[in-house]
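Listed below are the residues making up each chain.
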Amino acid sequence: MNSHTQASQAVKLFESTRVRSHWDAAQEKWYFSVVDVVQVLTDSINPTDYLKKLRKRDVELGSYLGTNCPQVGMPSESGVMRKTLAADVPTLLRLIQSISSPKAEPFKRWLAKVGHERMQEMADPAQSLDRARDNWQKLGRSTKWIQQRMTGQETRNKLTDYWNESGVEKADEFALLTNIIHQEWTGLSVQAHKSLKSLKTQNLRDHMSEAELIFTALAELSTRQIAETEEAKGLQQNAKAGKEGGRVAKRAKDDLEKRTGQKVVTGSNFLPPGKSTPVQLPTTPERKPKNSPKK
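What helix H3 (residues 47-57) keeps buried is the set Pro47, Tyr50, Leu51 and Leu54. An end-on view of H3 places all buried positions within 95 degrees of arc, on one side of the element. Every exposed residue of H3 that faces more than 90 degrees away from the buried side is listed here: Lys52 and Lys56. Elements that come into contact with the buried residues of H3 comprise helix H2 (34-42), helix H4 (59-68), strand E5 (81-87) and helix H5 (89-97).

As a further point, take unusual backbone geometry. One non-glycine residue, Asp43, lies in the positive phi region at around 65 degrees. Within the element layout of this structure, Asp43 appears in the loop between H2 and H3. One non-glycine residue, Glu231, lies in positive phi territory at about 55 degrees. In this fold, Glu231 is placed in the loop between helix H11 (210-230) and helix H12 (234-260).

The next subject is the pairing of strand E2 (residues 17-24). Most of E2 is tucked away, with 8 of its 8 residues classed as buried. Taking every second residue as pointing to the same face, both faces of E2 are buried, with Thr17, Val19, Ser21 and Trp23 on one and Arg18, Arg20, His22 and Asp24 on the other. Pairing analysis gives 4 bridges linking E2 to strand E3 (residues 29-33), with the strands arranged antiparallel. Its bridge partner being in E3, His22 is matched across the sheet by Tyr31.

Before going further, it helps to examine the packing of H2 against H5. For the pair H2 and H5, the least separation of the axes is 11 Å and the interaxial angle reads 40 degrees. Between H2 and H5, the interaxial angle falls into the category oblique. Where H2 crosses over H5, the handedness of that crossing is right-handed. From H2, Val34, Val37, Val38 and Leu41 reach across to H5, where they touch Leu92, Leu95 and Ile96. Class assignment of the residues belonging to the contact of H2 with H5 gives a composition of 7 nonpolar, no polar and no charged.

For the rest of this paragraph, the subject is the pattern of salt bridges. Pairing between side chains of opposite charge can happen when their charged atoms approach one another. Here the structure, examined in full by the defined rule, presents 16 salt bridges. A single network of salt bridges, built from pairs that share partners, joins Lys250, Lys253, Asp254 and Glu257.

Now for the packing of aromatic side chains. Each aromatic ring pair is described using two quantities: the centre-to-centre distance and the angle formed by the ring planes. Here the structure, examined in full by the defined rule, presents 6 aromatic pairs. Ring geometry for Trp163 and Phe174: centres 5.6 Å apart, planes at 90 degrees, overall edge-to-face. Pair noted here: Trp163 is in helix H8 (residues 143-165) and Phe174 is in helix H9 (residues 171-186), with a separation of 11 residues, a long-range link. The ring of Trp145 is capped by Arg141, whose NZ or CZ atom sits 4.8 Å from the centre of that ring. Sitting above the plane of the Phe270 ring, Arg141 keeps its charged end 3.9 Å from the centroid.

Right, let's talk about the packing of H11 against H12 for a bit. Each packed pair of helices is defined by two parameters, the angle between the axes and the distance between the axes. Running from N to C, H11 and H12 point in directions that differ by 140 degrees, and their axes come no closer than 7 Å. The angle between the axes of H11 and H12 places the two elements in the oblique class. The way H11 lies across H12 gives a crossing that is right-handed. Contact residues: Phe215, Leu218, Ala219, Ser222, Thr223, Ile226, Ala227 and Glu230 in H11; Asn238, Lys240, Ala241, Gly242, Glu244, Gly245, Gly246, Val248, Ala249, Ala252, Lys253 and Leu256 in H12. In terms of residue class, the contact of H11 with H12 is built from 10 nonpolar, 6 polar and 4 charged.

About the cut-offs
- Residues numbered from 1 in each chain as written.
- Predicted model: local features only at pLDDT ≥ 70, side-chain atom pairs only at ≥ 80, totals over all residues.
- Heavy atoms only, no water.
- Buried < 20%, exposed > 50% of the residue type's maximum accessible area, 1.4 Å probe, protein only.
- Helix = DSSP H or I, 4+ residues; strand = E, 2+ residues; numbered from the N terminus.
- Arc of directions from axis to C-beta.
- Contact = heavy atoms within 4.5 Å.
- Pairing = 2+ DSSP bridges.
- Axes fitted to C-alpha atoms, helices over the stretch in contact; angles between N-to-C directions.
- Parallel < 35°, antiparallel > 145°, perpendicular 65-115°, else oblique.
- Left-handed = near helix turned anticlockwise from the far one by under 90°.
- Nonpolar A, V, L, I, M, F, W, Y, C, P; charged D, E, K, R; others polar.
- Salt bridge = Lys/Arg side-chain N within 4 Å of Asp/Glu carboxyl O.
- Phe/Tyr/Trp six-rings, centres within 6.5 Å; stacked < 30°, edge-to-face > 60°.
- Lys NZ or Arg CZ within 6 Å of the ring centre and 35° of its normal.

Here is the structure:
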């Protein structure tokens, strides 16, 4: 992920739910992840499946999205850039019409606010960092946590920049390397760590403790510096550096746990208490209502 890409990508928060977005400088407009928007409006934990069923039932909508929604590179939960269906604001408004949701009107207002904020950020780029901090504060994160989250993201960006420059190009290779580092220092895969925290569609790093963020950053910083020292190229050499970098963080983690008697990797998270009732898929008049998409 190069610096230009980082500048054009952003994760926005709507009522504490992440919505990936991409600013198209040439067209001067936002594109938003369609799957993320569906998750926001429906509270479905399988928004991809929900969207597939919705497009199948509403053929006109399916055709409209197919014509007007490009595949845009956006960061996955592991930070890997993947192509995802994206829509601009007019297209999203058409999608919102097809989903009966109490969040529809608040979401429309949020879209307008995001557009206004982008204009302000173009005049003063520092405002984007200020808004990121404000979002975390509204979610109840401490000042120390926010600083560590932002520092950790910068460390992550430098590592992925190195991977890009050293011949690691495929999205699945980025995911593999990330998992190698994570497995090495935590003893868990990324997915197993998410399961431990009872996370599904949420970003794992957004639910890490301050200690977990620090050790993740240490593992990725160590990996990059080892890779740079050894001039690692391609997947295999970077995987070796990832194992070694992960071990540096593991030794530090083990030492801390031995000294304090407390585990660094835990099941704690920042999920809000309670669950929202998911929005039901629209049904055709002649049929009995079917179950909503599988949770």
